[in-house]
Structure formats: C-alpha cells, structure tokens
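The primary structure of each chain is shown beneath.
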Amino acid sequence: MFIDDTIAAIATAPGEGGIGIIRISGERSLQVAQEIFKSMSGKQIEEYKTRTLIYGNIIDNENVIDEVLVAYMKGPNSYTAEDVIEINCHGGFISVKKILELILSKDVRLAEKGEFTKRAFLNGRIDLSQAEAIIDVIKSKTDKAHEIAQTQLEGTLSNKIRELRMNVTELLAHVEVAIDYPEEDIEHITYKTLKDKAEILRDEIKKLYDTAESGKIFRDGLKTVIVGKPNVGKSSLLNSILGENRAIVTDIPGTTRDVIEEFVNIKGIPLKIVDTAGIRETDDIVEKIGVKKSRESLSTADLVIAVLDSSRKLSEEDFEILENLDKKKAILILNKVDLNQKIEEEKILQYVDNDSIIRISALNNEGIEILQNKIEDLVYNGEVKNSSDLVITNSRHKDALNKAYKSINDAIDAINQNKPFDFIEVDLKNIWDYLGYINGDTVTEDLLDSIFENFCIGK
Ligand code: GDP
Ligand code: ZN
C-alpha cells in the first residue's frame, strides 16, 4: 500500500465553536500551505521551527478568508508520520468550509473517515491495536473505558502481542529445524519440551482472552435494569444511586426519544441503566409494558436490580418477579426498611439466598453503599481487579485471541499424539497469524477498511 497523495479534512466537530481545525497530510502539505497562507511576520512557514504556531491569514486571490494559526509538523514527527499542516481558524460553518474548499482546489483529496489514523498505521507509527484505541478514546463514555483505551494507545496490548508472537516464533524455529534437518546430528527439541512451552503460551493467551468479559463491561457498560411493581421505590432508588455517581446520559439514535441510557459509575464499574426515562416518569415503564416485557429485559440484562416494598405483603406481581430472577446476575432489594416491615422474608428465601438480599431505604439513602459493594462483588466475583491491568475491550481482538487459543490447543493435541512436526508447524503458523490480526501485522486491506470506517472524518 503505497501512499503518494495528499489528503485534507476538517478535524473538529461540525457546528459553532471557538476554533475549527483543518488538517492536511502528505507530500504536498507544505506547498499547499505556502500557497494559501501569509504570516503576519512576513516570514515563510519553513523559516519557523517545526511544530510552531504561526499567526497569519488564509488568502484566496488577495482576499483574506480568515485569520488563523498554522502549524507545520514535518514527518515523521507528526500524527500520520507524513508532513502535516494544521490550520486553526475561527469555528463555525463557513471559515472551515471555505478553507477546506480552497485546499481541495490545489490537487488535494478529501480524506476518508479515519484516513489520517490509517496512514499513521500504514506508515508504521502505531500498530493496529493502537489505532483502534484511538477510536475508543474518542468514543469512551466512562472514565474507566477512557483509561483502558489510553493504556492500549500507549502500546500495552501491542507489547503483549509482540511478546506472545516472539514465543510462537521461538517454537516455530525449533520445529522447523527438526523438519529441515531431520537426520543431522543436532539435538532436536523433544515433544516434552515442546509441550511445556506450548502450554505456557496457551495459558498466556487464555489469561488475556479472559479479560474480555470485564473489558466488555468497561467499554459498553453493565446493562442494568431495575424492575419492580409500581410504588416500590424504583425511581427513588435510581435517584439515590445517580445522586453522586451520574456519569453521562445518552440518547440511543433511531429509537423513540424517551429511551435513554444513563451511565452511572459504581466503584469504577460503568452501569448502563436502560429505560430510565420510563422509570422516572410517574407512570413507570414497568406499569406500561407489564410483566411480559419486564421478563424480557430480565433475560437480556447483565445485571437485574429487583425491588420489593418491604412495608407491604408480597403480591402476585412480586412473585412473578421472584420466579424470573436469575441468581447469577440479580440483586434483590427490600426497600422502605424505615417503615413497619410486613414482607414475608421466609417466602422470599425460597427464591434467593439471604446474601443476595439487600435492605435499603431509598428515601433516607440507607444501604446504598452496601448495594454498591454487592454490585462490585457480582462483577468481579470477589476478585480484586487492578485498574492498570491490560484488558481486552475490542471484540475483534477477542475473536482473534479465541482463534489463537483454539490453534494452540490443536498444537498441544498434536504434540500429545507425537504427530510429525509438520502438523505442529501448521498450528503454530496459524497462531502467529491470528495474533497478528490484533496488531495489524497480518490483516487484509478489506479488514482495515472496515475498521477505519468507524472513525470520524478528520481523525
Ligand atoms: P416506583 O413507582 O417504584 O418508581 O416508586 P417511587 O420511587 O416513585 O416511590 C413510590 C413512593 O414510595 C414515593 O412516595 C416514595 O417517596 C416512597 N418511597 C420510596 N422509597 C422509600 C423508602 O425507602 N421509604 C419510604 N418510607 N418511602 C419510600
Ligand atoms: Zn417510578
């Protein structure tokens, strides 16, 4: 993939804003900038040190289009590793549009989505996992997701993949010597040693793969639903959880306007509470949609918070909810502990263990901390996770690791059966390829295109 054209795009989000930035990358960047920019000092761009902001005007046929700051970042020390010009102009729609049009009239092509980042990858400045981390940084909705993406951007995943592939290479080298020089008088690796080394590699791959479960939660949020019949205190509970922890509210595009996701940060775990718009209205979503629908949300959620009113006896609807609770992902709340208790706890215990029950008063904010600890327990299964650990958040990476894991198991099977080294070599080569999907070493152009399609224009 040889790159020889120069591309440009508006890098800032559309709309009114303080500044707008137009980015140009490629061989002709500097030349184009020289043609359209006049510095106030009268000096040429290349007389300044690289990566200096230069004050001046963008000029088209003697007309000043806008007052700008221009930066020239000479490759390879730039985002794309090519010569890059960035023009900071006044925000809004017209300045950026006019400047971009002027640039595009000078034999420069409009960049495709993510093309700057794609070039950074193709030019070898970053690997594919780092490029993908850049999308994740931009799209992250919680602090935690952002933190993980930053770690991957710094190259932690890249380093790990490189290390794993080096182990594969080492194994391959042993196997290939044995294949190429079967009769020679050199000592060949034994099946036993091969097996030991392959098992270590398998465990490493598995360990990384296993982080994907919590990785998905950190990236997308733990899909949480709050269920319970009317008036048990769902809205009150939601409000007291949200009180201190609200992170972000997003509308889901393409759905009705009242479907809202609310992200709450509980001990670093992003909870994506769905249908909160419904819960918060006076007529609850559960009232409107009935038990059938709530049964549906019970099955698709990662976490179910079921609420009962402990100041009243259990009703038919309460039993419906209890019957449908999946113990592995449900927390049962007995709310209104500040009132006289009438609920029949012994009946509840036929459905859930005592330690899945949390007693709270949403009204007085009592027991909320215990609920938060419970959520943490449920997510981590009692394991304490170090936040700086390498976590797989990308389903593409997860998929590649899964394939690598299958191949290493195939290799181990072949070793166990003392199969010829050629057999083992095939599996090892597969692992090498699959791991290469992650850092981009062995990806196809089609795959690259589909990855960079998720970027925004100008990134
Ligand atoms: P929802 O219909 O399940 O969303 O219930 P709401 O949150 O709207 O609460 C119904 C009523 O119960 C409201 O009047 C709340 O003030 C009251 N309530 C909620 N939680 C508590 C609690 O812990 N103690 C008491 N005494 N009242 C509560
Ligand atoms: Zn409510």
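Remember, it's a predicted structure, so these values are computed and weren't measured experimentally.

Concerning the site of ligand 1
Here is step 1 of the chain: Close to ligand 1 lie 16 residues; Gly233, Lys234, Ser235, Ser236 and Leu363 are nearest.
Here is step 2 of the chain: For the shell around ligand 1, the leading source of residues is helix H9 (residues 234-245), giving 3 residues.
Here is step 3 of the chain: Of the residues assigned to the shell around ligand 1, the class counts are 5 nonpolar, 7 polar and 4 charged.

Examining the confidence of the model for the protein
Here is step 1 of the chain: Looking at the protein, the pLDDT average stands at 87 and 88% of residues meet or exceed 70.
Here is step 2 of the chain: Note that pLDDT drops below 50 for residues 281-291; the model gives that stretch 18 contacts with residues more than four away or on any other chain.
Here is step 3 of the chain: For this predicted complex, the interface confidence score (ipTM) comes to 0.99, while the overall pTM stands at 0.76.

A closer look at the environment of Lys403
Here is step 1 of the chain: Along the chain, Lys403 turns up in helix H15 (residues 395-416).
Here is step 2 of the chain: Of the residues examined, Lys403 has 17 C-beta atoms within 10 Å and is grouped as partly exposed.

Brief notes about the packing of helix H7 (residues 191-210) against H15
Geometry of a packed helix pair, given as the angle between the helix axes and the separation of the axes.
Here is step 1 of the chain: Where H7 contacts H15, the two axes come as close as 9 Å, and the packing angle between them is 160°. As the angle between them shows, H7 and H15 are arranged roughly antiparallel. Like other packed secondary-structure pairs, H7 and H15 cross with a definite hand, here left-handed. Contacts between H7 and H15 pair Tyr191, Leu194, Lys195, Ala198, Glu199, Leu201, Arg202, Ile205, Lys206, Leu208 and Tyr209 from the former with Lys398, Leu401, Asn402, Ala404, Tyr405, Ile408, Asn409, Ala411, Ile412, Ile415 and Asn416 from the latter.

What to know about the nonpolar core
Here is step 1 of the chain: One finds Ile22, Ile103, Ile333 and Leu435 to be the most contacted residues of the largest nonpolar core, which totals 109 residues.
Here is step 2 of the chain: When neighbours within four sequence positions are excluded, Ile103 is seen to be in contact with Ala8, Ile22, Ile24, Val32, Ile36 and Val108.

Here we look at H15
Here is step 1 of the chain: Compared with an ideal rise of 1.5 Å per residue, which puts 22 residues at 32 Å, H15 spans 31 Å between its outermost C-alpha atoms and is within 8% of the ideal.
Here is step 2 of the chain: Regarding H15, the residues found buried are His397, Ala400, Leu401, Ala404, Ser407, Ile408, Ala411, Ala414 and Ile415. Angular distribution of buried residues about the axis of H15 spans 135°; they occupy a single face of the element.
Here is step 3 of the chain: Looking at the buried residues of H15, the elements they touch are helix H4 (128-139), H7 and helix H16 (421-439).
Here is step 4 of the chain: Asn418 occupies a position one or two residues after H15 and carries a positive phi of about 50°.

As for the domain arrangement of the protein
Here is step 1 of the chain: When its domains are assigned, the protein resolves into domain 1 (7-126), domain 2 (133-211 + 393-440) and domain 3 (224-380).
Here is step 2 of the chain: A straight line from the C-alpha centre of domain 1 to that of domain 2 covers 41 Å.

Section: the environment of Leu153
Here is step 1 of the chain: Relative to the helices and strands, Leu153 is located in helix H5 (residues 143-153).
Here is step 2 of the chain: Non-local contacts of Leu153, meaning those with residues more than four positions away in its chain, are made with Gln130, Ala133, Ile134 and Val137.

Structural notes on the sheet that holds strand S4 (residues 53-60)
Here is step 1 of the chain: Strands sit in the order S3-S4-S5-S6-S2-S1-S7 across an open sheet of 7 strands; the sheet is mixed. A strand with exactly one partner marks an edge of an open sheet, and here the two such strands are strand S3 (37-39) and strand S7 (109-110).
Here is step 2 of the chain: Inspection of the sheet shows S4 paired to strand S5 (residues 63-73) by 8 bridges, in the antiparallel sense. Counterpart to Ile54 in the pairing with S5 is Val70.

Cut-offs applied
- Residues numbered from 1 in each chain as written.
- Chains lettered and ligands numbered in written order.
- Predicted model: local features only at pLDDT ≥ 70, side-chain atom pairs only at ≥ 80, totals over all residues.
- Near = placed C-beta within 6 Å.
- Helix = DSSP H or I, 4+ residues; strand = E, 2+ residues; numbered from the N terminus.
- Nonpolar A, V, L, I, M, F, W, Y, C, P; charged D, E, K, R; others polar.
- pLDDT = per-residue confidence, 0-100.
- Contact = placed C-beta atoms within 7 Å.
- Buried ≥ 20, exposed ≤ 12 C-beta atoms within 10 Å, placed from the backbone.
- Axes fitted to C-alpha atoms, helices over the stretch in contact; angles between N-to-C directions.
- Parallel < 35°, antiparallel > 145°, perpendicular 65-115°, else oblique.
- Left-handed = near helix turned anticlockwise from the far one by under 90°.
- Core = buried A, V, L, I, M, F, W, Y, C linked by C-beta atoms within 7 Å.
- Expected span 1.5 Å × (residues − 1).
- Arc of directions from axis to C-beta.
- Domains from an automatic or database assignment.
- Pairing = 2+ DSSP bridges.

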